[in-house]
2 protein chains.
Amino acid sequence: MPSAPSQLAYIPFVSVENMMRLVHNFGIETVLLELTDAVEADYRRWDLFEKSPRLASHSKEGVIELMPTSDGEAFSFKYVNGHPSNTAKGFQTVAAFGLLARVDTGYPLMLTEMTLLTALRTAATSAMAARYLAPEHSRVMAMIGNGAQAEFQALAMKAVIGVEEVRLYDIDRSATEKTARNLADSGLRIVSCSSAQDAIEGAQIITTCTADKAYATILTDNMVGPGIHINAIGGDCPGKTELHKDILARAETFVEFEPQTRIEGEIQQMDASYPVTEFWKVLSGDAEGRTNARQITLFDSVGFATEDFSALRYVYSKLPGTDYFQHIDILADPDDPRDLFGMLQRAA
Amino acid sequence: MPSAPSQLAYIPFVSVENMMRLVHNFGIETVLLELTDAVEADYRRWDLFEKSPRLASHSKEGVIELMPTSDGEAFSFKYVNGHPSNTAKGFQTVAAFGLLARVDTGYPLMLTEMTLLTALRTAATSAMAARYLAPEHSRVMAMIGNGAQAEFQALAMKAVIGVEEVRLYDIDRSATEKTARNLADSGLRIVSCSSAQDAIEGAQIITTCTADKAYATILTDNMVGPGIHINAIGGDCPGKTELHKDILARAETFVEFEPQTRIEGEIQQMDASYPVTEFWKVLSGDAEGRTNARQITLFDSVGFATEDFSALRYVYSKLPGTDYFQHIDILADPDDPRDLFGMLQRAA
């Protein structure tokens, strides 16, 4: 009797190492550009997706989240943690993995690391929003918060928007040095700054990405002049924000999925009547993006399950003909589906 | 520069093959008995668990569910599908995998197949309930529905309750033949029956486990005499039941987590005032189990996240000193947690 698993039992697993190989092979800017298009394509068919606020398990140290969605043909979810205190322990603040499955059989199609992939899709999502919300010919971006996400943001804005200069600031100088070093050969002009005020000098786009689990004020009202696009990605859970609320009062604010952002985003500081626009409406023509050169636009991004769905499908589409995956037997697949016990028995 | 993942990047993965080796090494009846104790131990600390109805994504073919829970120290979730039409396609009706993680860092501890493990924990949960609800000295069980779960139920009731005879019935005769064949050397007396009526002859416990996604009537009221314990595990999603509601009207009904069972269990047929007892209360002394020999008890089991949590922790506890797992690098773990990009860059 065969005790080796059948082909049905195996699914491709993309390890961290293989994800790195995949990104290097296709080129990180190409991946970021294609991912931006993939995320945007799914935002254009927003109505097809099953959407719910993520399922979050909060503790005093952080949060563990499950982020599921489905377009009726494929189902995806991501497991992701957010633990600001992890850095001090030598762990990642955010680590993630994800799964793509078929809706018709419920069988998984692919399991993959998503720590790297989340960094890539977050940057791609920021770039997608900036395409429609940043002022025309944006060439300078301030990058406030120079942690794990900084380089991905910089390269996505370069590849998708044509940003040429990135002005770095972090309260931790060594974080800025790390980011500047990593981007030295990127083709971007990198300017290390000694204050947030210095960093935003001449910038058309301000990206904030700091990791404190606390109400913080990275940007105050007087720092934000007319015409700026703010790409706020660090305020992404209850009790964690980065912008002074006076900025929100002056800005046109765009969000991913309003019910989730009201709980987790910068707008948790505002009352429920504060107007926001779900970004997909800009793509569908149901709402306007930037309407004039003096407007302050804010993309209050907390990350949404459809973006992970897009990223998972993108990676899955890249696998055929490559060896960027290994097979793991995660599914019991007896010859006779009713004979699970017989399979176990014969393996003895 | 090191491009090999650090130890933190790896987690143990228990494949289907390794789960089978683990079960055979410790012995299936020992595993079922220990699992029953593990599930019961966690039911005794019910209040500590974060509980929510599972997150279900329904489609016309079936359902994909995520079942998370946490006791404040460990977090677990299970991915599981339920697709009755899968059998005809050669796929499992139910396939699952699960994860155990640390709450304090959010880092995964173990990934494992859970198709086999779900079959084991479902049987263990049934046996736990039967310990307190079945009539004393129950020796005969009717097993109606002889699919993938049947043998596990039979062996758990043998190991935990001391059942000696199992009477099999399924509308598909080949399913009964399969089950009888698999249990031929189990030490149980196996009787293959030609009707449900025949199967329940002399039984103290009736287990129903059929897989139709439809309102079905496996048991009618006249078939159930006084003193019987019904272990109903096949009615486990909206629109799927096995018992005639007149049986429910006569029975004392015990459930896992009432908000979930109202939606998914046999009691979806009854109105909201129908009284049920959450099983943990029997263990804590807040409610009585079986009170007399003529009572009909019903365990309306739909499966609950804490049972998977118990099973995952049990398997995790068995791994040290064994080779029933492989390491997979699912977590990106750069030397400097803020330097995810540097890790990617150095892997080039």
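Each value, and the rule that gives it
- Residues numbered from 1 in each chain as written.
- Chains lettered and ligands numbered in written order.
- Predicted model: local features only at pLDDT ≥ 70, side-chain atom pairs only at ≥ 80, totals over all residues.
- Heavy atoms only, no water.
- Helix = DSSP H or I, 4+ residues; strand = E, 2+ residues; numbered from the N terminus.
- Rg over C-alpha atoms; globule rule 2.2 N^0.38 Å.
- Contact = heavy atoms within 4.5 Å.
- Areas by Shrake-Rupley, 256 points an atom, 1.4 Å probe, with all protein chains shown as cover.
- Axes fitted to C-alpha atoms, helices over the stretch in contact; angles between N-to-C directions.
- Parallel < 35°, antiparallel > 145°, perpendicular 65-115°, else oblique.
- Left-handed = near helix turned anticlockwise from the far one by under 90°.
- Least-squares fit on C-alpha atoms with pLDDT ≥ 70 in both.
- Domains from an automatic or database assignment.
- Buried area = accessible area lost by both parts, 1.4 Å probe.
- Salt bridge = Lys/Arg side-chain N within 4 Å of Asp/Glu carboxyl O.
- Polar contact = N/O pair within 3.5 Å; in protein donor to acceptor, adjacent residues only side chain to side chain.
- Nonpolar A, V, L, I, M, F, W, Y, C, P; charged D, E, K, R; others polar.
- Buried < 20%, exposed > 50% of the residue type's maximum accessible area, 1.4 Å probe, protein only.
- Pairing = 2+ DSSP bridges.
- Phe/Tyr/Trp six-rings, centres within 6.5 Å; stacked < 30°, edge-to-face > 60°.
- Lys, Arg positive; Asp, Glu negative; His and termini not counted.

Looking at an unreviewed UniProt entry, chain A carries the name Ornithine cyclodeaminase, with the source organism given as Sphingobium subterraneum.

A count of helices and strands for chain A gives 12 helices and 17 strands. Compactness check: chain A gives a C-alpha radius of gyration of 21 Å against a globular reference of 20 Å for 348 residues, within 12% of the reference. Considering only C-alpha atoms, chain A reaches an extent of 75 × 45 × 40 Å along its principal axes. The contacts in chain A between residues at least 6 apart in sequence include a share of 72% that link residues at least 24 apart. Carbon and sulfur atoms form 49% of the exposed surface of chain A, whose accessible area is close to 12200 Å².

Residue and element names in this part refer to chain A. Between helix H2 (residues 28-43) and helix H4 (residues 115-133), the shortest axis-to-axis distance is 8 Å and the interhelical angle comes to 65 degrees. What the angle tells us is that H2 and H4 run roughly perpendicular. When the axes of H2 and H4 are compared, the crossing they make is right-handed. Residues Ile 28, Val 31, Leu 32, Leu 33, Leu 35, Thr 36, Asp 37, Val 39, Glu 40 and Tyr 43 of H2 form the contact with H4, whose own contacting residues are Leu 120, Arg 121, Ala 123, Ala 124, Thr 125, Ala 127, Met 128, Arg 131 and Tyr 132.

Between the two copies, chain A and chain B, the superposition gives an RMSD of 0.0 Å; the rotation angle is 180 degrees and the shift along the axis is 0.0 Å. A rotation of that kind, with that shift, is consistent with a two-fold axis. Same-surface contact between copies: 100% of interface residues of chain A are shared with the interface of chain B.

Residue and element names in this part refer to chain A. Here the domain parsing of chain A yields domain 1 (7-116 + 306-346) and domain 2 (125-303). A straight line from the C-alpha centre of domain 1 to that of domain 2 covers 26 Å. Between domain 1 and domain 2, the residue contacts involve 24 residues of the former and 26 residues of the latter. Buried area between domain 1 and domain 2, both sides added, is near 2300 Å², and the carbon and sulfur share of it is 62%. Counting every contact that joins domain 1 to domain 2 gives three salt bridges. The closest approach of N and O atoms between Arg 131 and Asp 37, which form a salt bridge, is 2.8 Å. At the surface where domain 1 touches domain 2, the tally comes to six residue pairs in polar contact (both at pLDDT 80 or more). At the level of secondary structure, the elements contributing two or more residues to the side of domain 1 that touches domain 2 comprise H2 and strand S3 (63-70). The element best represented in the side of domain 1 that touches domain 2 is H2, accounting for nine residues. A breakdown of the residues in the side of domain 1 that touches domain 2 according to their chemical character gives 10 nonpolar, five polar and nine charged.

Before going further, it helps to examine the interface of chain A and chain B. The interface of chain A with chain B comprises 76 residues on the first partner and 76 residues on the second. Carbon and sulfur atoms make up 69% of the area that chain A and chain B hide from each other, which totals about 7000 Å². It is Arg 338, Phe 341 and Leu 344 of chain A in chain A that bury the most area against chain B; as a group they hold 11% of the surface buried on that side. The salt bridge involving Asp 172 of chain A is made with Arg 338 of chain B; its shortest N-O contact spans 2.5 Å. At the boundary of chain A and chain B, one finds 35 residue pairs in polar contact (both at pLDDT 80 or more). Of the residues forming the side of chain A that touches chain B, the biggest block, six residues, is contributed by helix H12 (residues 340-346) of chain A. Partitioned by chemical class, the residues of the side of chain A that touches chain B number 41 nonpolar, 21 polar and 14 charged.

What helix H1 (residues 16-26) of chain B keeps buried is the set Val 16, Asn 18, Met 19, Met 20, Leu 22 and Val 23 of chain B. Gly 27 of chain B sits one or two residues past H1 of chain B and shows a positive phi near 95 degrees.

All names here are of chain A. Here we have seven strands laid out as an open sheet, ordered S2-S3-S4-S5-S6-S1-S17, and mixed in their pairing. Edge strands, defined here as strands with exactly one partner in the open sheet, are strand S2 (55-58) and strand S17 (326-329). The average undirected angle you get between the axes of adjacent strands in this sheet is 20 degrees. Looking at chain direction, strand S5 (residues 96-102) and strand S6 (residues 108-113) are connected through five bridges and run antiparallel.

Quick look at the packing of aromatic side chains now. Counted by the stated rule, this structure contains 33 aromatic pairs over all chains. Centroid distance Phe 77 of chain A to Phe 77 of chain B: 5.3 Å. Interplanar angle 80 degrees. Geometry classified as edge-to-face. With Phe 77 of chain A in strand S4 (residues 74-82) and Phe 77 of chain B in strand S4 (residues 74-82), this residue pair bridges two chains. Phe 77 of chain B shares its class with Phe 77 of chain A; the two are buried. Aromatic side chains Tyr 43 of chain B and Phe 279 of chain B sit 6.1 Å apart centroid to centroid with 80 degrees between the ring planes, which places their arrangement in the edge-to-face category. Here the residue Tyr 43 of chain B occupies a position in helix H2 (residues 28-43), and Phe 279 of chain B occupies one in the loop between strand S15 (277-278) and helix H10 (280-284), the gap between them amounting to 236 residues. Accessibility assignment for this pair places Tyr 43 of chain B and Phe 279 of chain B in one class, buried.

This next bit is on the side chain of Asp 170 of chain B. Along the polypeptide, Asp 170 of chain B turns up in the loop between strand S8 (165-169) and helix H6 (173-182). Despite being buried, Asp 170 of chain B has no salt bridge partner; Arg 338 of chain A is the closest side chain of opposite charge, sitting 6.0 Å away. Engagement of the side chain of Asp 170 of chain B in a polar contact is seen with the backbone nitrogen of Asp 172 of chain B, the distance being 2.8 Å. In contact with Asp 170 of chain B, other than residues within four places in its own chain, are Gly 145, Asn 146, Gly 147, Ala 175 and Thr 176 of chain B.

This paragraph deals with unusual backbone geometry. Residue and element names in this part refer to chain A. Notably, His 137 is not glycine yet its phi reads approximately 55 degrees, a positive angle. Its location among the elements puts His 137 in the loop between H4 and strand S7 (140-144). A residue is classified by how much of its surface remains accessible, and His 137, at 60% relative accessible area, is exposed.

Our focus in this paragraph is the pattern of salt bridges. Any two side chains of opposite charge can pair, so long as their charged atoms come close to each other. Residues and elements named next belong to chain A. In this structure the tally under the stated criterion is 48 salt bridges over all chains. Ionic pairing is found between Arg 346 and Asp 339, a salt bridge with its closest N-O pair at 3.6 Å. Using a relative accessible area of 29% as the deciding quantity, one classes Arg 346 as partly exposed. The class of Asp 339 is buried, set by a relative accessible area of 6%. Look at the salt bridges and you will find they share partners, linking Asp 37, Glu 40, Arg 44 and Arg 131 into a network.

A separate point is the sheet that holds strand S15 (residues 277-278) of chain A. Residues and elements named next belong to chain A. Strand order in this open sheet of eight strands is S9-S8-S7-S10-S12-S16-S14-S15, and the pairing throughout is parallel. Unpaired on one side and paired on the other, strand S9 (189-192) and S15 mark the two borders of the sheet. The sheet contact formed by strand S14 (residues 252-255) and S15 spans two bridges and is parallel. When the sheet's bridge partners are listed, Val 255 is paired in S15 with Glu 278. Packed onto the sheet, H4 meets strand S10 (205-208), strand S12 (229-232), S14 and strand S16 (297-300) and runs at close to 160 degrees relative to S16. Contacts between helix H5 (residues 150-161) and the sheet are confined to S7, strand S8 (165-169), S10 and S12, with S7 contributing the most and set at about 165 degrees to the helix.

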